[in-house]
Amino acid sequence: MRDGVLTTVRAKLPEFTGALQRVAEQVLTDPDAAARATIVELAERSGTSPATITRFCRALGFEGYAELRLGIAAETGRARAAGWTVDIGREIQPGDPLDRVLGQIMAADTRSMHDTAALLDLGEVERAADAIAGATRVIIFGASGSALVGEEMQFSLHRIGVPAWAWTDVHNGLAGAALLRAGDVALGISHSGQTREIIEMLAESGSHGATTVALTSFPNSPLAELADVVLLTATQATTFRPDALSARHPQLVVLDLLYIAVAQRTHDRAHAAFQRTAQAVDGHKSRSTS
């Protein structure tokens, strides 16, 4: 937990209501101040009470406020040492120079990658890779930005000989899901885990015996609760890039890890397929004429 306190708070934020939500928002807005504050000071800043702060700590799995402070302090200390705090949380202004904007984007993305690595259960990645490596077919569901991520995964699997399809239309997706059976895999991608079409298509897949995998940022979302295997990502929003857009890079990293794990498990077949597909398109590459 101490390796990802703020990540956990961010992931649980939609679950909190009222006073607990105000505490979570105060911690995320100024974690340095939260790490230095007494329980009374944090209660005053969040407009709550010390008893609420204690409930907040227990909701995160801490026995008391001292443990929470230590966890936040350790995490913010690592962030400062790595340079991740540069401009994180600052609004990008219309007149900001691009070097400042670039610094903020890099800091936010670096932080989200680190948080994703801390949050990701590698055992779940192994389970998903085992299922895909032995699957007769793999179907990937995504909408909007998640659709682009799903298509990238489909392309990667296709290049190593894994029969994979990516569907963005709910009618085509449901039709594909209805043809799945035990031993097949369905992967649903949704940052929020609340996209109704993705939930419906993954549920249809599971009803036919397919192994269902969810890639989401919220472990208690409807999509995550539905899936057999859950792969989690973390995000760090910036101006003009809300959470849904900021999730794109962490999603790609997790799926790239999953793809490599599948390739490892199917090494001989994957290597041969990759060689053949590379050779097939080689004639369409321009040659130097020196």
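Refer to the structure printed above.
What this report covers is the structure whose coordinates are included nearby. (Residues numbered from 1 in each chain as written. Predicted model: local features only at pLDDT ≥ 70, side-chain atom pairs only at ≥ 80, totals over all residues. Heavy atoms only, no water.)

**Some words on the pattern of salt bridges**
We count it as follows: Criterion for a salt bridge: a side-chain nitrogen of Lys or Arg within 4 Å of a carboxyl oxygen of Asp or Glu. Working definition: helices are DSSP H or I runs of at least four residues, strands are E runs of at least two. Numbering for both runs from the N terminus.
Applying the stated criterion to the full structure yields four salt bridges. The closest approach of N and O atoms between Asp 115 and Arg 10, which form a salt bridge, is 3.7 Å. A residue pair is termed long-range when its members are at least 10 positions apart, and Asp 115 in helix H7 (residues 98-119) and Arg 10 in helix H1 (residues 5-12) qualify at 105 residues. Ionic contacts of the salt-bridge type, sharing partners, join the residues Glu 126, Asp 130 and Arg 265 into one network.

**Quick look at the nonpolar core**
Which entries qualify depends on this criterion: Residues belong to one nonpolar core when they are buried, are Ala, Val, Leu, Ile, Met, Phe, Trp, Tyr or Cys, and are joined through side-chain atoms within 4.5 Å. With a 1.4 Å probe rolled over the protein chains alone, any residue whose accessible area is under 20% of its type maximum counts as buried; one over 50% counts as exposed, and the rest are partly exposed. In what follows, residue pairs with any heavy atoms lying within 4.5 Å of each other are defined as contacts.
Core analysis: the largest hydrophobic core is formed by 30 residues, its most contacted members being Val 138, Leu 157, Leu 231 and Leu 258. Here Leu 258 is in contact with Val 125, Ala 128, Ala 129, Ile 132, Met 153 and Leu 231, once residues within four sequence places are set aside. One finds Ala 34, Ala 35, Ala 37 and Leu 60 within the second-largest nonpolar core, a separate group that totals 21 residues.

**Points about the sheet that holds strand S5 (residues 229-232)**
Using the following cut-off: The pairing criterion for strands is at least two bridges between them, as found by DSSP. Here, axes are lines fitted to C-alpha atoms. For helices the fit covers the stretch in contact, and angles between N-to-C directions go from 0 to 180 degrees.
Taken in spatial order, the five strands line up as S2-S1-S3-S4-S5 in an open sheet, and their pairing is parallel. Because the sheet does not close on itself, it has two edges, and the strands there are strand S2 (164-167) and S5. For this sheet the average axis-to-axis angle between neighbouring strands, irrespective of direction, equals 15 degrees. For strand S4 (residues 211-216) and S5, the ladder comprises four bridges, and the chain directions are parallel. Residue pairing for S5: Val 213 is matched across the bridge by Val 229. The strands touched by helix H8 (residues 122-133) within the sheet are strand S1 (138-141), strand S3 (185-189), S4 and S5, with S5 carrying the most contacts at an inclination of about 125 degrees.

**Quick look at the pairing of S2**
Judged from the four bridges that link them, S1 and S2 form a sheet pairing that is parallel. Considered in S2, the bridge of Ile 139 is made with Trp 165.

**Considerations on empty space enclosed by the protein**
Rule in force here: The definitions used throughout rest on a 1 Å grid laid over the protein atoms alone, on which a cavity is an enclosed set of points accommodating a 1.4 Å probe that cannot get out and a pocket is an open set flanked by protein within 12 Å on both sides along at least five of seven lines; lining residues are those having an atom within 4 Å of a point. Grid points are joined across faces, edges and corners, and a volume is the space filled by probe spheres set on the points.
Applying the stated rule across the entire model yields one cavity of 30 Å³ or more. Along the walls of the largest cavity sit Ile 140, Phe 141, Gly 142, Ser 146, Ala 147, Gly 150, Glu 151, Ala 166, Trp 167 and Thr 168, which together make up its complete lining. Taken together, the elements giving at least two residues each to the lining of the largest cavity come down to S1, helix H9 (145-159) and S2. Of all the elements, H9 adds the most residues to the lining of the largest cavity, at four residues.

**A few points about the packing of H1 against helix H2 (residues 18-29)**
Note the cut-off: Geometric relationships in this document are graded by angle, where less than 35 degrees denotes roughly parallel, more than 145 denotes roughly antiparallel, 65 to 115 denotes roughly perpendicular, and other angles denote oblique. Two helices crossing with the near one rotated counterclockwise from the far one by less than a right angle form a left-handed crossing, whereas a clockwise rotation gives a right-handed crossing. Charged means Asp, Glu, Lys or Arg here, nonpolar means Ala, Val, Leu, Ile, Met, Phe, Trp, Tyr, Cys or Pro, and polar covers whatever is left, Gly included.
For the pair H1 and H2, interaxial distance at closest approach is 10 Å and the crossing angle is 140 degrees. Considering the angle they form, H1 stands oblique to H2. When you trace H1 past H2, the crossing you get is left-handed. Together, Leu 6, Val 9 and Arg 10 of H1 and Ala 24, Val 27 and Leu 28 of H2 make up the contact between the two elements. A breakdown of the residues in the contact of H1 with H2 according to their chemical character gives five nonpolar, no polar and one charged.

**Things to note about the pairing of S4**
To be explicit about the condition: Looking down the strands as they point away from you, a crossover is right-handed if its path from the first strand over the helix to the second goes clockwise.
Counting buried positions over the six residues of S4 gives five, a clear majority of the element. Here five bridges tie S3 to S4, and the two strands are oriented parallel to one another. Residue Ile 189 lies in a different strand from S4, and its bridge partner there is Leu 215. In terms of handedness, the path from S3 via helix H11 (residues 196-207) over to S4 forms a crossover that is right-handed.

**Here's the deal with the side chain of Ser 190**
Put simply, the rule reads: Whenever a nitrogen or oxygen atom comes within 3.5 Å of another N or O atom, the pair is scored as a polar contact, on the condition that within protein one atom can donate a hydrogen and the other can accept it, and that pairs from neighbouring residues in sequence are kept only if both atoms are in side chains.
Tracing the backbone shows Ser 190 in the loop between S3 and H11. Ser 190 gets classed as buried once you look at its relative accessible area, which sits at 3%. In this structure the side chain of Ser 190 is engaged in a polar contact, spanning 3.0 Å, whose partner is the backbone nitrogen of Gly 193. Beyond its immediate stretch of four places on either side in the chain, Ser 190 contacts Ser 146, Thr 195, Leu 215, Thr 216, Ser 217, Leu 223 and Gln 251.

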